[in-house]
Amino acid sequence: MNLFLLYLILLRLTHIVAGALWVGAAVAYFLFFGPTAKGLGPAGPKFMQQLVGKHRYPLFMNGASILAILSGLGLLWFASGGLNGAWLTTGPGLGFTIGSLAGVAAFGVGCFGIRPRAEALGALGASIAAAGGPPTPEQGAELGRLDAEIHFYERWDVLLLVVSLVMMATARYWVF
Ligand code: HEM
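Nothing here was measured: the structure is a model prediction, and the numbers come from that model.

Cut-offs used in this document
Residues numbered from 1 in each chain as written. Predicted model: local features only at pLDDT ≥ 70, side-chain atom pairs only at ≥ 80, totals over all residues. Helix = DSSP H or I, 4+ residues; strand = E, 2+ residues; numbered from the N terminus. Rg over C-alpha atoms; globule rule 2.2 N^0.38 Å. Buried ≥ 20, exposed ≤ 12 C-beta atoms within 10 Å, placed from the backbone. Contact = placed C-beta atoms within 7 Å. Core = buried A, V, L, I, M, F, W, Y, C linked by C-beta atoms within 7 Å. Near = placed C-beta within 6 Å. Nonpolar A, V, L, I, M, F, W, Y, C, P; charged D, E, K, R; others polar. Axes fitted to C-alpha atoms, helices over the stretch in contact; angles between N-to-C directions. Parallel < 35°, antiparallel > 145°, perpendicular 65-115°, else oblique. Left-handed = near helix turned anticlockwise from the far one by under 90°.

> What's the story with the overall build of the chain in this structure? I'm lost.
Per the secondary structure count, the chain includes six helices and zero strands. The linear arrangement of helices and strands in the chain, starting from the amino end, is α-α-α-α-α-α. Since a compact globule built from 176 residues should have a radius of gyration of about 16 Å, the 20 Å found for the chain marks it as more spread out than a globular shape. A buried classification covers 20% of the 176 residues belonging to the chain. Contacts spanning at least 24 positions in sequence make up 78% of the contacts within the chain whose residues lie at least 6 apart.

> How should I be thinking about the nonpolar core in this particular structure?
Nonpolar side chains in soluble globular proteins tend to be buried together. Among the nonpolar cores identified, the biggest contains 20 residues, and W22, V23, A106, L160, L161 and M167 are the most heavily contacted of them. Those elements that place two or more of their residues in this core are α1 (3-39), α3 (57-79), α5 (91-131) and α6 (137-170). Ranked by the residues each element gives to this core, the list is headed by α5, at seven residues. Setting aside chain neighbours within four positions, we find L160 in contact with A102, A105, A106 and V109.

> Would you mind going over the site of the ligand with me for this structure?
The immediate surroundings of the ligand are formed by 25 residues, with G19, G72, S100, G103 and M168 found nearest. Mapped onto the shell around the ligand, the elements with two or more residues apiece are α1, α3, α5 and α6. Grouping the constituent residues of the shell around the ligand by class yields 16 nonpolar, seven polar and two charged.

> Where do I start with unusual backbone geometry in this structure?
Among all residues save glycine, negative phi is the norm, and among peptide bonds the norm is trans. Positive phi, close to 55°, is recorded for R56, a residue that is not glycine. Along the chain, R56 turns up in the loop between α2 (44-54) and α3. Residue R56 is classed as exposed on the basis of its C-beta count, with 12 C-beta atoms lying within 10 Å. A positive phi angle, near 60°, is found at L83, a position not held by glycine. Within the fold, L83 resides in the loop between α3 and α4 (85-88).

> Looking at this structure, how should I read the packing of α1 against α3?
Each pair of packed helices can be described by the angle between their axes along with the distance between the axes. Packing of α1 against α3 brings their axes to within 8 Å, and their N-to-C directions diverge by 140°. With respect to each other, α1 and α3 are oriented oblique. You can see that α1 and α3 cross each other, and the crossing is left-handed. Taking contact as the criterion, the partners of L8, L11, R12, T14, H15, A18, G19, L21, W22 and A25 in α1 are, on α3, F60, M61, A64, S65, L67, A68, S71, G72, G74, L75 and F78. Here the residues of the contact of α1 with α3 sort into 13 nonpolar, seven polar and one charged.

> Would you take a moment to explain the packing of α1 against α2 for this structure?
The interhelical angle for the contact between α1 and α2, taken along N-to-C directions, is 145°, at an axis separation of 7 Å. In the packing of α1 onto α2, the handedness of the crossing is right-handed. Note on element contacts: α2 touches α1 through G44, F47, M48 and L51, opposite F33, T36, A37 and K38. Along the lines of polarity and charge, the residues of the contact of α1 with α2 split into five nonpolar, two polar and one charged.

Read these as spatial facts, not as claims about activity.
In structure tokens, the structure reads:
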């Protein structure tokens, strides 16, 4: 087999596996793990500590998303003939470009919207636990604010990922 084809196959394999894991984990968190943690009441922070600290959910998400984006950029380069503008106006070109932009935007929302707030929430939860008591009214208000903001960004993140997924899944057959 030609070496170039082998390289493309490896790039596609990396891209599709990493992309599927990225979207799948984000949707599973949004629909199941997040609501489960909330429903557990006082045990919720412990569940989150296990998920984040022991099972390294953020590391998994960083790895999957970075791999999907880097391999996606490689595929974009080949699919578009070196970012040739004429490709953009074809059906598949338009679909894959919209999907790529949505995926990169989702990554930005995760990095700059969710991550700093989740870290602040974790640090606040740890200081409340270290003090050994229930949160003060100010800490309670701060917890509520961070939680609401994280939920807002999570909705955008999942929406953009689903847009990216739908575009990736269908763009090849956009013929017009
Ligand atoms: C959000 C997660 C993503 C998933 C689940 C995903 C999934 C896929 C799948 C299944 C394909 C194969 C489509 C086909 O052969 O018809 C594909 C192709 C492609 N993806 Fe993604 N993708 C994601 C994100 C991205 C991102 C962020 C980029 C660019 C930065 C990108 C760029 C591409 C390109 C250019 C192709 C076409 C490759 C080709 O022509 O062979 N994808 N993607």
